[in-house]
Amino acid sequence: MTNFKKLSAQQRKYFFLILLSAFIIKLILAFTLPAEIRSDSLDYHRIAVNLVKFGEYSFESGKPTGNFACGYPLFLAGVYKIFGTEQIWVRIINSLLEIITGFFFFLISTKFFNEKWSLVSLAIFTFFPSNVLFSQTVLTEPVFGMFAVILLWYCINGVINNKIFFIGLLWGYAVLIRSSFALSLFLMLIFIFKYRRQLFEGFKTKRIKRVIQYSIIFIFGAALVIAPWLIRNKTVLGTFTIATQGGFTFWSGSNPNATGTWYYKIEESNPMFNITDEVERDRAFFKEGIDYALHNPHKFIITGFKKIGYLFSSERLILLYFTQGEKTGMTSTEVYKSINPLFIALVNIPYFAVMLLGTWGLFAFKKHKFFLYGFIVTWMITFFLFVALARYHYVLIPFFILGTVKFISERQIIWKELSLTKKISAIAFNIFLLGVWTSEFYLMYK
């Protein structure tokens, strides 16, 4: 917090103006931007309503489920319990939470930039079009994004202290919001061990003792949050699992027809979708998906790179969220194509710019690289294995915004300071992104 205290009176005025302006914009959208609850949003909504009305974690009364991890439905149920089940209240709470997210993102920015560029970084993050739109959804992104930014702030401070138990609790709940975040738990353990010399003073035996001590405290904190949900699923469903959709999401990216993302009429392509027991269905999908991957490793790897392509594809899903596509009978591509091109450009051009410039900036960072790269890599590995959607890159946007500000603020020297390997890597990833977006829009408008 000391970095915030260093701001001048004028800079503090800009800081509050940025957050207040964004909050007002989101409030206006909350009352004026219509959206139909469907797909994942509808599932979250149904579970939350049943939690409030019947105290049951279920899609329909009397039939418990573990399809989704409980973190977001519990949050949603809390909002519904206090304010009612209208979307407007979720949007207002999301907008308030994003003030917290913005505050911590600013603190993160001060770890890399001076006060001026930290305010620029905050402004880009706060007014980023897709971020503004996600605040108006009944989806995990706004809540999960807040937890992810708070955790990143703690991690890049590079200090392991008595807050590690509390961080474990937050990390555990973040995993319950998005189970795809589970792999990142290992980052903290690796960090504590790898940087034990810098983190802990004293002789070697004392450092090892501290490594073990803080690792256990962190794991205990995370387990304290996650374990009750696992025990509930074992008691009610007969299996220790965070979510019973894991098998389906793995098979969807590992089968002869896999494209890397959800594909048209996927639920009609396999009779296993008719299995009523979701635990049995989950195991069957995992078994078939793993069997396909083992017998077709080359195809699994190729599809894995396609998944990464879908992960970084355009902001189509957030734009589709506010359409009436399901009522028109059109495919999602047809609906996306029907959206006003100006709106598509307004949301996508900032995204394209941040991803391209941010790539160069990320390679130029010289400090706090372990967690900057670690969170990105573990997230990409997860979706290399499981099916990917464009909205899943939401959590990576803060990293690329930091990279963009790094590039802009040091644009005159950044090329000279990057090694040949980093230059080649940045160029390769830029070409990959341009190829993904070009293919996407070519196929849409051909």
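Placed above this text is the structure.
Here the structure is a predicted model, which means the values were calculated and not measured. (Residues numbered from 1 in each chain as written. Predicted model: local features only at pLDDT ≥ 70, side-chain atom pairs only at ≥ 80, totals over all residues. Heavy atoms only, no water.)

(A) Examining the overall build of the protein chain more closely. Secondary structure summary: the protein chain contains 23 helices and two strands in total. In terms of C-alpha radius of gyration, the protein chain reaches 22 Å, essentially the compact-globule figure of 22 Å for 446 residues. Structurally, the protein chain occupies a C-alpha span of about 60 × 55 × 50 Å along its principal axes. Contacts in the protein chain between residues far apart in sequence, at least 24 positions, make up 75% of those at least 6 positions apart. A total of about 21000 Å² of accessible surface is found on the protein chain, and carbon and sulfur atoms cover 66% of it. One way to put it: in the protein chain the 45 positive side-chain charges average out to a point 14 Å from where the 24 negative ones average out. (Helix = DSSP H or I, 4+ residues; strand = E, 2+ residues; numbered from the N terminus. Rg over C-alpha atoms; globule rule 2.2 N^0.38 Å. Contact = heavy atoms within 4.5 Å. Areas by Shrake-Rupley, 256 points an atom, 1.4 Å probe, with all protein chains shown as cover. Lys, Arg positive; Asp, Glu negative; His and termini not counted. Charge placed at Lys NZ, Arg CZ, Asp CG, Glu CD.)

(B) Representation of helix 8 (residues 141-156). For helix 8, built from 16 residues, the straight-helix expectation of 22 Å at 1.5 Å per residue is met to within 8% by its first-to-last C-alpha distance of 22 Å. Within helix 8, 16 of the 16 residues are buried, which leaves the element mostly enclosed by the surrounding structure. Once helix 8 finishes, Gly158 follows within two positions and takes phi at roughly 65°, a positive value. (Expected span 1.5 Å × (residues − 1). Buried < 20%, exposed > 50% of the residue type's maximum accessible area, 1.4 Å probe, protein only.)

(C) The arrangement of the side chain of Ser118 in detail. Along the polypeptide, Ser118 turns up in helix 6 (residues 115-127). There is a polar contact of 3.4 Å between the side chain of Ser118 and the backbone oxygen of Ser109. Once residues lying within four places of it in the same chain are set aside, the contact partners of Ser118 are Phe106, Ser109, Thr110 and Phe113. (Polar contact = N/O pair within 3.5 Å; in protein donor to acceptor, adjacent residues only side chain to side chain.)

(D) Representation of helix 23 (residues 420-445). Taking 1.5 Å as the rise per residue, helix 23 with 26 residues should run 38 Å; its terminal C-alpha atoms sit 37 Å apart, in good agreement. Inspection of helix 23 places Lys423, Ala426, Phe429, Asn430, Leu433, Val436, Trp437, Glu440, Phe441 and Met444 among the buried residues, and these make up the whole buried set. Structurally, helix 23 contributes buried residues whose contacts are with helix 15 (297-311), helix 16 (316-320), helix 18 (332-338), helix 19 (341-364), helix 21 (397-409) and helix 22 (414-417).

(E) Local environment of the packing of aromatic side chains. Within the structure shown, the criterion is met by 55 aromatic pairs. Geometrically, the ring pair formed by Phe250 and Phe300 is tilted, given 6.0 Å between the ring centres and 45° between the ring planes. Taken together, the positions of Phe250 in helix 13 (residues 246-252) and Phe300 in helix 15 put the pair 50 residues apart, joining distant regions of the chain. Using a relative accessible area of 9% as the deciding quantity, one classes Phe250 as buried. The class of Phe300 is buried, set by a relative accessible area of 12%. (Phe/Tyr/Trp six-rings, centres within 6.5 Å; stacked < 30°, edge-to-face > 60°.)

(F) The arrangement of the pattern of salt bridges in detail. Across all of its chains, the model carries nine salt bridges by this definition. A salt bridge links Glu36 to Arg38; the nearest nitrogen and oxygen atoms lie 3.5 Å apart. With relative accessibility at 13%, the residue Arg38 sits in the buried group. In this structure, Asp43 engages Arg46 in a salt bridge whose closest nitrogen and oxygen atoms are separated by 3.5 Å. Of the two residues, Asp43 and Arg46 are both situated in helix 3 (residues 39-54); the distance of three residues between them amounts to about one turn of the helix. (Salt bridge = Lys/Arg side-chain N within 4 Å of Asp/Glu carboxyl O.)

(G) Seen up close, the environment of Trp437. As for its position among the elements, Trp437 is in helix 23. Trp437 sits in the buried class, given a relative accessible area of 5%. Note: C-alpha distance between Trp437 and Phe312 (125 residues apart in sequence) is 8.5 Å. If near-sequence neighbours (up to four positions away) are discounted, Trp437 is found in contact with Phe312, Ser313, Ser314, Tyr351, Phe352, Met355 and Leu356.

(H) Layout of the nonpolar core. Ile160, Trp171, Met188, Phe312 and Phe371 are the most contacted members of the largest nonpolar core, which has 121 residues in total. No other element matches the 13 residues that helix 8 contributes to this core. In this structure, Trp251, Tyr263, Met272 and Phe285 belong to the second largest nonpolar core, which totals seven residues. (Core = buried A, V, L, I, M, F, W, Y, C linked by side-chain atoms within 4.5 Å.)

(I) Spotlight on the packing of helix 19 against helix 23. For the pair helix 19 and helix 23, the least separation of the axes is 8 Å and the interaxial angle reads 165°. In terms of their interaxial angle, helix 19 and helix 23 are classed as roughly antiparallel. Of the two elements, helix 19 crosses helix 23, and the hand of that crossing is right-handed. Residues Ile344, Asn348, Tyr351, Phe352, Met355, Leu356, Thr359, Trp360 and Phe363 of helix 19 pack against Lys422, Lys423, Ser425, Ala426, Ile427, Phe429, Asn430, Leu433, Leu434, Trp437, Phe441 and Tyr445 of helix 23. Residue composition of the contact of helix 19 with helix 23, by class: 15 nonpolar, four polar and two charged. (Axes fitted to C-alpha atoms, helices over the stretch in contact; angles between N-to-C directions. Parallel < 35°, antiparallel > 145°, perpendicular 65-115°, else oblique. Left-handed = near helix turned anticlockwise from the far one by under 90°. Nonpolar A, V, L, I, M, F, W, Y, C, P; charged D, E, K, R; others polar.)

(J) Layout of the environment of Lys287. Take Lys287: it is sitting in helix 14 (residues 278-295). Judged by its relative accessible area of 65%, Lys287 is exposed.

(K) The arrangement of unusual backbone geometry in detail. Unusually for a residue other than glycine, Ser39 sits at a positive phi of about 55°. On the secondary structure map, Ser39 appears in helix 3. In this model, His368 sits at a positive phi of 60°, which is unusual for a non-glycine residue. As for its placement among the helices and strands, His368 is situated in the loop between helix 19 and helix 20 (369-385). Relative accessible area serves as the criterion here: at 27%, His368 is assigned to the partly exposed category.

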